[in-house]
Each structure stands twice: as C-alpha cells, then as structure tokens.
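Spelled out from the first residue to the last, the chains are:
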Amino acid sequence: MWKYIGVKECNEFLLSLQLFNCNDQKKYLKTLYSISNNIENNYHIYKIKKRNGHLRTIYEPTPLLKTIQKNILNNILNNKQISKYATAYKKGLSLKDNVIPHLNKKIILKLDIKDFFESISFLDIYKSCFPIEYFPKSIGILLTKLCTYDEHLTQGSPTSSYISNLVMKDFDEIIGSFCEKENINYTRYSDDMTFSGDFNPSDIIKLVRKNLYKLGLMINNDKIHIIKYYKSQNVTGIIVNKKIQVAKTYRKKIRQEIYYIKKYGLNSHLKKLNIKDKEKYLNNLYGKILYVLQINNQDKEFINYKQFIKGQKK
C-alpha cells in the first residue's frame, strides 16, 4: 500500500495524526522529527525505591513528549484490540477482574517476566503497534521512536502499558488457548502471569519459557510461586482461597490507624507520627479503605471506616 509513497504524502499522513497543537505545519513536522532524533534529551530519569528495597527507574517524558504520547495512545493505540487474557491497563477492568478467575482453586502458579518493559524491543513494538500495513515505514519508525527510550519501553510513559499488551497479544492467545483446552485459568496483569486449576506446573513453566523466548523475554526465576489450596493463595495482592479479600496485613494496618485515631484523637495521632499535612494523611487512608471495598464491597467493618474517615475529613 505504501510502496510508492513519497515525502510529501508521509508528511501529510503525519499532519493528519494531530499529535500536538501547532498551527504552523513546518514547525509541527520539524518538532516531531527533532524529538524523535534526540529522544534521550526529552526524558527526566530518576529512581524510586520498590517495596522490596530495590530501585525502579522512572523515565518521565517532557510535557510536550507526554502530550504527543497521550495522543498516540488515544488516537492510534486504543483502537487496537488486546487479548482477553490481559487484565491490566484495560478500560473498564480493575485488579478485581484479574483475581476472580483464580478464586477457590486447587493450585495457583504465579510467574513474573524479568525486566518486562526494558526487555520489549523496538522491532516488536514497531510490528505490533505501527505495522507497514497501516503506516508508511518512515512514520511507523518515527512513532515507535516517540514511544521508546534506547529502543525499549519505559516506565513513566503514557503509551508503555498499552503497547506492552499489544506486543504480548499473540503470546497471550497461545498460552490462553492451551490453558482453556486443559481447563486451566490464565490471566496476565502486566508482567505478572497467574495460572490456576488442577495441573502440573512444570508443563506450564516450560510452555511459557518457550513462548517468551520468541519475544526475547524471560521468566524471573526468583518469582516462581506454586501455592496449594491449603496455604494462603495471593494473586496480585488479593487473597483468593474461599473469597476475594485484601491481604490480612494490609487490612490490619488500616485497622490500627483507625484504632489510634479513635483512642487519641486525630491531631494527637498525627503529632505522634510527626505528620503535618492532615488532609494528605486522611486522603491516603481513605484511598486505602476504598481499595479494600473495591475488592469486597460487602465488608461492613471497612464500610464503617469509610464513614468514619469521611467525618474526619469534614
């Protein structure tokens, strides 16, 4: 389709995408090519500490690049269908949708993809998101550059999450189809894969390794977990043994905070914790309570906590 397209037609195609507001067409085109050719200068890179103490690298795009990426996401990528087995970064779905298929199962197998975003290659992004069937080659490459850093996905870009689902679509379909035939439940929440039912975990691990290898991806061997029904089965932070419920330790911490507020008063409690921003603290605690209720909206204890914190906020 694009075999005989010239520079003029490519530029017209790029203008039609309206990736940011600019009435000057020459300036619009020049800006896009300039950013794509100097992508390393359009990110602020910093590290944050993860819960396990390790550091995660965040690539924060400049305001203009972030605007461009949001428009790529909304105008191009969101129109592409992802696998039904992918439950993260999908409009209308929540964490709850990732755990419900694994409720009350004999065996749960949890696998993690090592260095997920950083290991998704430029070529796989180009093929999955901006293929030659729909985009002139030069435009597809330009759009891929605008969504990557050092030829890989980044944590911090608006486009990265949905792109990862598009790249993983064929993988999800292969694994999901096999699992359906074997009466195994499968979901993937970003880099977390969960399998449940009555099966031999080693068979699934072999299959996953083989198909990840085709994408240049690997299982994180330190995060292979096989959980039997008689132990606490945790799927992306949610307990799924008999009913879905937020982990006991998470709920206990909230319960303690509510107890101290009621016993000592909010101001005295915050003074002991050396917290000066009352509004921020209450909003944070309220958010934690809402998270518990999102998973189990019938939890009377946390419904009462919600009303209590609402009163404190007033």
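Refer to the structure printed above.
In this report, the structure presented in the accompanying data block is examined.

Conventions used here
- Residues numbered from 1 in each chain as written.
- Predicted model: local features only at pLDDT ≥ 70, side-chain atom pairs only at ≥ 80, totals over all residues.
- Heavy atoms only, no water.
- Buried < 20%, exposed > 50% of the residue type's maximum accessible area, 1.4 Å probe, protein only.
- Helix = DSSP H or I, 4+ residues; strand = E, 2+ residues; numbered from the N terminus.
- Arc of directions from axis to C-beta.
- Axes fitted to C-alpha atoms, helices over the stretch in contact; angles between N-to-C directions.
- Parallel < 35°, antiparallel > 145°, perpendicular 65-115°, else oblique.
- Left-handed = near helix turned anticlockwise from the far one by under 90°.
- Contact = heavy atoms within 4.5 Å.
- Pairing = 2+ DSSP bridges.
- Core = buried A, V, L, I, M, F, W, Y, C linked by side-chain atoms within 4.5 Å.

**What about helix 1 (residues 7-16)?**
Then comes step 1: The set of residues buried in helix 1 consists of C10, F13 and L14. Buried residues in helix 1, looked at end-on, bunch into an arc of 100 degrees, giving them a common side.
Then comes step 2: In the stretch just after helix 1, Q18 is the one whose phi turns positive, near 50 degrees.

**Looking at the packing of helix 9 (residues 169-181) against helix 10 (residues 201-213)**
Then comes step 1: One can describe the packing of helix 9 onto helix 10 by two numbers: an axis separation of 10 Å at closest approach and a directional angle of 160 degrees. When the interaxial angle is binned, helix 9 and helix 10 end up roughly antiparallel. The crossing of helix 9 and helix 10 is right-handed. On the side of helix 9, the interface is formed by F171, I174, I175, F178 and C179, while helix 10 contributes I204, L207, V208, N211 and L212.

**Here we look at the sheet that holds strand 3 (residues 107-112)**
Then comes step 1: On the basis of which strands lie adjacent, the open sheet formed by four strands has the order 4-5-3-6 and antiparallel pairing. Looking along the sheet, the strands with just one partner apiece sit at the ends: strand 4 (185-189) and strand 6 (225-228). The mean angle between the axes of side-by-side strands here comes to 15 degrees, regardless of whether they run parallel or antiparallel.
Then comes step 2: Two elements, strand 3 and strand 5 (residues 192-197), share six bridges in a ladder whose sense is antiparallel. Across the sheet, residue L111 finds its bridge partner in strand 5, namely M193.

**Thoughts on the pairing of strand 3**
A regular strand places its side chains on the two faces of the sheet in alternate fashion.
Then comes step 1: Within strand 3, six of the six residues are buried, leaving the element largely enclosed by the surrounding structure.
Then comes step 2: Of the two faces of strand 3, the one carrying I107, L109 and L111 and the one carrying I108, K110 and D112 are both buried.
Then comes step 3: Taken together, the four bridges between strand 3 and strand 6 define a ladder with antiparallel strand orientation. Counted as the bridge partner of K110 is H225 from strand 6.

**Side note on the nonpolar core**
Then comes step 1: In terms of nonpolar packing, the biggest core is built from 60 residues, with I72, L77, L143, L146, F195 and V208 touching the most fellow members.
Then comes step 2: When sequence neighbours within four positions are dropped, the list of residues in contact with F195 reads H102, I107, I108, L109, L111, I175, C179, I184, N185, Y186, I204 and V208.
Then comes step 3: Of all hydrophobic cores here, the second largest spans 24 residues; its members include I108, V240, I289 and Y305.

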